[in-house]
Amino acid sequence: MKQNVTKVKSADLELTEKVVAIKRVAKVVKGGRRFSFSAIVVVGNGDGVAGYGLGKANEVTDAITKGIDDAKKNLMKVPVLKGTVPHPQKGKFGGGRVLIKPASAGTGVIAGGAMRAVLESAGVHDVLAKSQGSSNPHNVVKATFDALLKMRDPRMVAEQRGVKLSKVFNG
């Protein structure tokens with residue numbers, strides 16, 4: 001299925017950042033181990049725009065800053081309908097597999113760590129989500145974005161079918 005990726009410029013958006021994971025990585029050199037840090041960060045405006053980025057540096061703060069800059073370069077538009085997602089969708093990336101389902105108002109975000117950060121940044125308030133494969137935060141974040149980008153906006157579906165928006169939902 002073709003993904004409809006809509007890139008967004010970060011210049012005029014109020015973005016919030018969430019650090020999903022920070023890892024200490026080691027490189028073995030002649031004198032011992034050299035440690036550095038990698039951070040995966042999710043940014044979003046809480047209104048259907050979100051992105052993720054990876055930063056690597058010798059200090060934690062530098063890694064987070066680089067991750068935020070990378071995330072701002074990779075912002076994408078996500079379909080949000082009445083605070084939830086338009087329809088159930090599966091996403092996958094590497095070993096990470098996720099399932100995202102719409103939920104009724106007042107349910108809240110029922111999702112695990114990395115998925116929760118992505119969904120909250122995108123502005124989804126009511127959703128049921130399950131991470132089914134690998135729990136590696138990198139793959140879970142990318143699989144969540146895969147599922148969100150596969151989703152079809154109801155207005156676009158109505159336009160493509162040439163019918164009214166109410167007909168899309170009621171058949």
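Treat the numbers as computed from the prediction; the structure is a model and nothing was measured. (Residues numbered from 1 in each chain as written. Predicted model: local features only at pLDDT ≥ 70, side-chain atom pairs only at ≥ 80, totals over all residues. Heavy atoms only, no water.)

### With respect to the sheet that holds strand β1 (residues 16-29)
Condition: When DSSP finds two or more bridges between two strands, those strands count as paired. To qualify as a helix, a DSSP run of H or I must reach at least 4 residues; to qualify as a strand, a run of E must reach at least 2; elements of each kind are numbered from the N terminus. What makes two residues a contact is simply this: any of their non-hydrogen atoms within 4.5 Å. Only C-alpha atoms enter the line fits that serve as axes; for helices the fit covers just the stretch in contact. Angles between N-to-C directions range over 0 to 180 degrees.
Strand order in the open sheet formed by four strands is β1-β2-β3-β4, and the pairing between neighbours is antiparallel. Looking at which strands have only one partner, the edges of the open sheet turn out to be β1 and β4 (76-77). Direction of pairing for β1 relative to strand β2 (residues 32-44): antiparallel, over a ladder of 13 bridges. Residue pairing across strands places Glu-17 opposite Val-43, the latter belonging to β2. On top of the sheet, helix α3 (residues 137-150) reaches β1, β2, β3 (49-57) and β4; it is set at about 155° to β3, its chief contact.

### Considerations on the pairing of β3
Sheet topology note: the β2/β3 ladder contains eight bridges and is antiparallel. Across the sheet, residue Phe-37 finds its bridge partner in β3, namely Ala-57. Connecting β2 to the next strand, β3, in antiparallel fashion are four residues, including Gly-46 with a positive phi near 75°. Where β3 and β4 come together, two bridges link them in antiparallel fashion. Note that in β4 the partner of Ala-50 across the bridge is Met-76.

### Here we look at the UniProt feature "domain: S5 DRBM" (unreviewed entry) in the chain
The following threshold applies: UniProt positions are given in the numbering used here, feature names are shortened, and annotations may be inferred rather than shown by experiment.
The positions that UniProt labels "domain: S5 DRBM" (unreviewed entry) are, in the present scheme, residues 15-78. Helix makes up 22% of residues 15-78 and strand 59%, with an end-to-end C-alpha separation of 15 Å.

### Section: the packing of aromatic side chains
Note the cut-off: Within 6.5 Å between ring centres, the rings of Phe, Tyr and Trp (the latter by its six-membered ring) count as paired, and their orientation is classed by plane angle as stacked under 30 degrees, edge-to-face over 60, tilted in between. The classification of residues rests on relative accessible area computed with a 1.4 Å probe and restricted to protein chains. Under 20% of the type maximum is buried, over 50% is exposed, and intermediate values are partly exposed. The rule for a charge over a ring is simple: NZ of Lys or CZ of Arg within 6 Å of the ring centre, and within 35 degrees of the ring normal.
Per the counting criterion, the structure on display carries one aromatic pair. Between the aromatic rings of Tyr-52 and Phe-145, the centroid separation amounts to 5.1 Å while the plane-to-plane angle is 45°, which identifies the pairing as tilted. Note that Tyr-52 is positioned in strand β3 and Phe-145 in helix α3, a separation of 93 residues in sequence. Tyr-52 sits in the partly exposed class, given a relative accessible area of 22%. Taking relative accessible area as the criterion, Phe-145 reaches 2% and is therefore assigned buried. The cationic tip of Arg-24 hangs over the ring face of Phe-35; the distance from NZ or CZ to the ring centre is 4.0 Å.

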